[in-house]
Amino acid sequence: MKKIVIILAAVFLFTLNNVNAQSKGTFTYGIGYTCFADVVISPFYYEKDFDPNQTWQGYNYSGKYYSGENSEYAKSISVSLLSYSFQLNTKLYKINDNASISLNTAPSLRLAGDKMGLLGFSMPITINYNRGVLSTFDSDKEKGFYVGAGAIIHTTPLFNSIKLGGGSTQYNFGTHVYVQPCIQTGFRFWGNESKVGEIALQVGYLDFKDFTTYTATTDSNTGVGYYAPTGTLKNTSLSAKLTFIKYLNY
């Protein structure tokens, strides 16, 4: 997974380095936003200090004690109140004046919160097939569309020290980075202020390895407390986002 993140980040940096290609007609950029139409469900993660191998005698345990309400793990389930993204599209191959293949990235800040914390970041990196307006700088079409596939880099909440269940214990699940395969499509059109607008739909999904759950228990013979596995949970991640975009240099 870390290798995938490094590769995708390298592709993103490659796109940034192509900003000067705007003069050659191969680079377009814009600003996107969405309200209440950006949903992200992460995989499960353990609380930062959880150690399933921890044992203790009576109440003489070190670290945090987890029991009830499944406090040792959580997944981020959030709907963003507002998300802003910066769209970066680099034309890789011109098929004709009204068709092309492009590399698209869109780093996005998500103003969202849930039981794991507040604020998130995501960045899709996709290869897209474009038709009509915005496919090339020579297009003579008033409207257009695209379809594409790739992957999204997601983070769990960036600020994540919280209390669960109204208790006094502070839980911190940390910030995790994970990747989802994704597909996306969009409709483009000439809008107000002689700018091209876009309505884009993006969906990501990945089925991770089953997640093991634990509960605190005590050996009746020795009195030693420990965390015993209780089963597994299906560990899937899902995201869906509808974005409204205005391109600034077309």
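Bear in mind the structure is a predicted one, so any value in this text is a computation, not a measurement. (Residues numbered from 1 in each chain as written. Predicted model: local features only at pLDDT ≥ 70, side-chain atom pairs only at ≥ 80, totals over all residues. Heavy atoms only, no water.)

Chemist: Explanation requested: the layout of surface pockets in the structure shown.
Modeler: Taking a probe equal in size to a water molecule and rolling it over the atoms shows the remaining empty space. Counted as a void, the largest pocket has a volume near 210 Å³. If you go around the largest pocket, you meet 13 residues; those closest to its centre are Phe 189, Gly 197, Glu 198, Ile 245 and Lys 246. Counting only elements with at least two residues in the lining of the largest pocket, the list comes to β1 (27-34), β13 (196-218) and β14 (224-247). Looking at the lining of the largest pocket, the element that brings in the most residues is β13, giving four residues. (1 Å grid on protein atoms, 1.4 Å probe; cavity = no way out; pocket = protein on both sides within 12 Å on 5 of 7 lines; lining within 4 Å. Points joined across faces, edges and corners; volume = space filled by probe spheres on them. Helix = DSSP H or I, 4+ residues; strand = E, 2+ residues; numbered from the N terminus.)

Chemist: Honestly, the environment of Thr 217 in this entry has me stumped. Any pointers?
Modeler: Mapped onto the elements of the fold, Thr 217 is located in strand β13. The sequence separation of Thr 217 and Thr 55 amounts to 162 residues, and the corresponding C-alpha distance is 9.8 Å.

Chemist: How should I be thinking about the confidence of the model for the chain in this particular structure?
Modeler: As a note on interpretation, predicted positions should not be read in detail where pLDDT is low. Across the chain, the average pLDDT comes to 88, with 86% of residues at 70 or higher. Counting interchain partners and residues more than four positions distant, the pLDDT-below-50 stretch residues 18-23 has eight contacts. (pLDDT = per-residue confidence, 0-100. Contact = heavy atoms within 4.5 Å.)

Chemist: Even after reading the chapter, I still don't get the pattern of salt bridges, so can you show me in this structure?
Modeler: Oppositely charged side chains can form a pair if their charged atoms are brought close together. Following the criterion strictly, the structure yields five salt bridges and no others. Residues Asp 38 and Arg 110 are paired through a salt bridge, measuring 3.0 Å at the closest nitrogen-oxygen approach. Within this pair, whereas Asp 38 is found in strand β2 (residues 38-46), its partner Arg 110 is found in strand β7 (residues 108-114), the two being separated by 72 residues in sequence. By relative accessible area, Asp 38 is classed as buried at 3%. Judged by relative accessible area, Arg 110 falls into the buried class, the value being 5%. The partner of Asp 207 in a salt bridge is Lys 234, and the shortest N-O contact between them spans 2.9 Å. One end of the pair, Asp 207, is in strand β13; the other, Lys 234, is in strand β14, with 27 residues separating them in the sequence. Judged by its relative accessible area of 38%, Asp 207 is partly exposed. (Salt bridge = Lys/Arg side-chain N within 4 Å of Asp/Glu carboxyl O. Buried < 20%, exposed > 50% of the residue type's maximum accessible area, 1.4 Å probe, protein only.)

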